[in-house]
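Working through the structure, step by step
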Amino acid sequence: MTVPDAKTGTGNEKLVVEIIGAHNLMPKDGEGSSSPFVEVEFEDQRLRTQVKRKDLNPIWNEKLVFHVIDVNELRYKTLEISVFNEKRSPNSRNFLGKVRVTGSSVGREGESVVQLYTLEKRSLFSHVRGELSVKHYVTTDNDGDLGRVNGSGGAKKSKKVSSSVGKQQQQQHIALLNHQQQNQQNGQGQRMLPFYPNQGEMKPLVITALPGPRPGPVLYSNGSSEFSLKETKPRLGGVASGLSSHKDKTSSTYDLVEQMQYLYVRVMKAKDLSLSSEVVSEVKLGNYKGVTKKVSSSNLEWNQVFAFSKETIQSSVVEIFLREVNRNEYSGRVWFDLSEIPTRVPPDSPLAPQWYRIESRNGGGELMVSVWFGTQADEAFAEAWHSKAGNVHIEELSSIKSKVYLSPKLWYLRVSVIEAQDVAVMNKGSGLVRFPELSTKLHVGNQILRTTVSTANPTRSFTNPYWNEDLMFVVAEPFEDCITAVVEDRVSGGQNDVCVGRVQIPVSAVERRTGDKPVGSRWFTLDNGNNNNNNNSNSQFGSRIHLRLSLDGGYHVLDEATMYTSDVRPTAKELWKPHVGLLEIGILGATGLMPMKVRDGKGGGTADSYCVAKYGPKWVRTRTVVDSLCPKWNEQYTWEVNDPCTVVTIGVFDNARVDKSNSNTRDARIGKVRIRLSTLETERVYTHSYPLLVLHATGVKKTGELHLAVRLSCGNAVNMFQMYTLPLLPKMHYTQPLGVHMIERLRYQTLNAVSARLSRAEPPLGREVVEYMLDHDFHVWSMRRSKANFFRLVNVVSSLVWVARLVEAMRSWTKPVCSTVFVAVFLFMVLFPELILPSLFLYAAAVGVWRFRKRPRHPPHMDGRISHAETVFPDELDEEFDTFPTSRGFEVVRMRYDRVRSIAGRIQTVVGDMASQGERAQALLSWRDPRATFIFLVFCLVSAVGFYVVPVKLTVAIAGLYYLRPPRFRRKLPSRGLSFFRRLPSRADSML
């Protein structure tokens, strides 16, 4: 479209903006909907449409008409179209999006068509979505039916267009939406994504093959209880849901889980059998069958336990058969009537196995067996074969059993590279001596660090380099690694490093320290034998290196993010304080899990899920429940609590090692839950179902619900209260603090050490499980996290904003009675300033007591709204899940780079403004502006005399009354002091 020719202008031209409708707007009223209206601004003229109540897809079909002063200048003007949500108060509204249209895109009447614009953000952290259908053109029609113009900026409603025209435009609006949806559903072709950098006109950037389902934000309903925490009422063994009874802990070990009844069969050994080949035993109970391992006929001993769930028993007898491996016929059997089997309840001693006569055709033979009914509290439960795992191959049975793991004991190894002496360096072929570029490289296991290149020092010989640098490593007990220090000389223009000496020191020989007192340094002889070019120098020089080595046990080796840490004790055990409580968690089960795999012969998907809980160095893993989307674990675990301000993490995973034919051995994550212990009341049982939320490249998904029973017991209330007054981390973190970058690097090395140790256990905990539980990627850049943190900060300062608004409302005198009371209270506080602090503390105490009855009764959980995972754009998710370095295409990377430049430009402007204000304050006494400094000095002298003569209370009272004076005694211009400050110079003038 073209701008109307200047020759055709008559002076009566008007700009008509037809607001057709909007689609898929953001809900902003807190009830899952919005009451939108459109406001259009052009050349200090502002008009708005009617409000559509509770409609996210409104249709207006309204014309807004603006006077065009000079049609020749229209191409340089901008049309601002904004969409708002009207709150209950007519004077308050929420921003829903905006569109900026340049005058160059406005055509003549009859030439324009309905255009569909994607709503833009007003700022970086705005929450918008949806599209707006608009038609705009220039006309000379003076029809009185058109909307009236409010030149003063007031909002007046325009009249509707005729019904026939409205229906036609509505059809165009729907056709545009259908066309866009067809383009989004088409897997091939181009997709339109919003472009964020500052620009006058909204021009979508077209890119191809961008991952993501659609250009708009991915939304999930949070108004329902789908993502919320739910309280449950399970039938816990020995305690009801709520406050626990004061029972002996030894007699109620499993009082936080539901009792599960099992039939246990222990097959020990057989004798007096006339068999010649390998023999197996088969335990049959109805349709379930368990098979023992193969043993030779000369050593008939199995010692295996089989557990059958009582709720699935469909037979009245349990049978134990013996047969040879190469024969299908049974050689004999032993059977038991279920009604005669005894019941065992811990802490009773295990049931002793007995010899039973084997019924066989050949006669003879006995089998040692014990059969009993028990619960999951039985000692044999962890090692038993379970009837629900009948489809698991016998070689994979170990991968589904429950286990307890311990993280290795980790130390920080500090190596101070001080200096070296008499280093034999390589000379040039001409015999000329050159100044060497010497550095030291340290190897500890798979960790490699290097010092800087020693600089030239006229007071030292070039063969005696000096560094004095501290390098930190992470090592785990038992110490099997060595410290390898290699002194290297950089030759060939820095392209090659030649070893000129090395030394190896066992980590086990390093001195340990528990405080910040430095250990003694030592000289170590360097071995130059590996350098063939310096054989002549080896006989002349006795090279050595000066090192200070220590294992720092006063630090806590951080393996988790500091905000999610579960243990803050130092490494050295002699520095530990006694524990203050006991944490008990009953992992009951899960419901509604997302199918993770499809097995042959099954119509739908299934999952082989297990739980992992981590607190401190103790990791627990429940057994794997095979082929179930609603698994029941009912396993209870206990941890000692050393600090109440810590977090326990429980994750749910899908076991990939159950299927032997599956080539993928990485366990898929289903979700996790974090519980901060300080939010729990002591001696209370919390039974809730926690939503399992996982962020995928397509958005946040609920993968199920995890049912837990949690109890925090307090051994000594005085010790627990005292913990709140102690530093969070051990002493050495404050006396010899580590840098942020060093902590992140050491945390990565700690993760490697923990995952390497746990992956060698049986069953192993894979690296993917350890990474997910320890939040290894929380520091990666994410636009979603940035928005979430920004709004968390806004929520924190909202109370200060409320106070500022209250003061502003009082000085506006809209409610004279309240303003008068406020002034009276202010004068009272000025006359009696000693009551200010007591009043504030008394008010805070009263608020705390008042809120006690409405205190949170449920522990916190993963919140999709706080995480801003419900209204995130697919491009932002794709950027969050991108690898480092990036693996995306050029166009995508360019678009994201331009967006980051736009954000950085705004931050740069804000930082520059803050620096300018500080420089103006410095300019008051710098004589950069001599007249301004002279005025300020005169003001200071007069103020000194005035404050000396006038009492302080009177000064504060007069200043407060002047600030709170009614609006009729004020003027709208800035104050003289503010105007004086804004005129002061800053160094922005010197910027290029």
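Residues numbered from 1 in each chain as written. Predicted model: local features only at pLDDT ≥ 70, side-chain atom pairs only at ≥ 80, totals over all residues. Heavy atoms only, no water.

Looking at an unreviewed UniProt entry, the protein carries the name Multiple C2 domain and transmembrane region protein 10, with the source organism given as Raphanus sativus. Here is the UniProt Sequence similarities (unreviewed entry) comment for the protein, exactly as written: "Belongs to the MCTP family." (UniProt positions renumbered as here; feature names shortened; annotations may be inferred.)

Moving on, we come to the layout of surface pockets. As a volume, the largest pocket reaches approximately 2200 Å³. Top element by residues in the lining of the largest pocket is helix α7 (residues 783-812). It accounts for 6 residues. Taken together, the residues of the lining of the largest pocket sort by class into 23 nonpolar, 12 polar and 15 charged. Both domains that furnish three or more residues to the lining of the largest pocket are identified here as domain 4 (573-737) and domain 5 (783-990). (1 Å grid on protein atoms, 1.4 Å probe; cavity = no way out; pocket = protein on both sides within 12 Å on 5 of 7 lines; lining within 4 Å. Points joined across faces, edges and corners; volume = space filled by probe spheres on them. Helix = DSSP H or I, 4+ residues; strand = E, 2+ residues; numbered from the N terminus. Nonpolar A, V, L, I, M, F, W, Y, C, P; charged D, E, K, R; others polar. Domains from an automatic or database assignment.)

Before going further, it helps to spend a moment on the nonpolar core. Residues Leu583, Ile585, Ile675, Leu706 and Leu708 are the most contacted members of the largest nonpolar core, which totals 33 residues. Broken down by secondary-structure element, the contributors of at least two residues to this core are β32 (581-591), β33 (609-615), β35 (632-641), β36 (647-654), β37 (668-676), β38 (685-696), β39 (699-714) and α3 (717-723). Not counting the four nearest positions on each side in its chain, Ile585 is found in contact with Leu256, Glu635, Gln636, Tyr637, Trp639, Val648, Ile650, Leu708, Ala709 and Val710. (Core = buried A, V, L, I, M, F, W, Y, C linked by side-chain atoms within 4.5 Å. Buried < 20%, exposed > 50% of the residue type's maximum accessible area, 1.4 Å probe, protein only. Contact = heavy atoms within 4.5 Å.)

This next bit is on the sheet that holds strand β12 (residues 230-231). Reading across the sheet, the 5 strands line up as β12-β38-β39-β32-β35 and stay open at both edges, with antiparallel pairing between neighbours. The strands lining the two open edges of the sheet, one partner per strand, are β12 and β35. In this sheet, β39 lies alongside β32 in antiparallel orientation, the contact comprising 10 bridges. Bridge assignment links Ile587 to a residue of β39, and that residue is Leu708. (Pairing = 2+ DSSP bridges.)

Spatially, the 5 strands line up as an open sheet ordered β22-β34-β33-β36-β37, and their pairing is antiparallel. With partners counted over all chains shown, the strands left at the sheet margins are β22 (403-406) and β37, one partner each. Shown here is a sheet whose adjacent strand axes are inclined to one another by a mean of 20°, direction ignored. As paired strands, β33 and β36 are joined by 6 bridges and run antiparallel to one another. By the bridge assignment for β36, Val612 is matched with Gly651. (Axes fitted to C-alpha atoms, helices over the stretch in contact; angles between N-to-C directions.)

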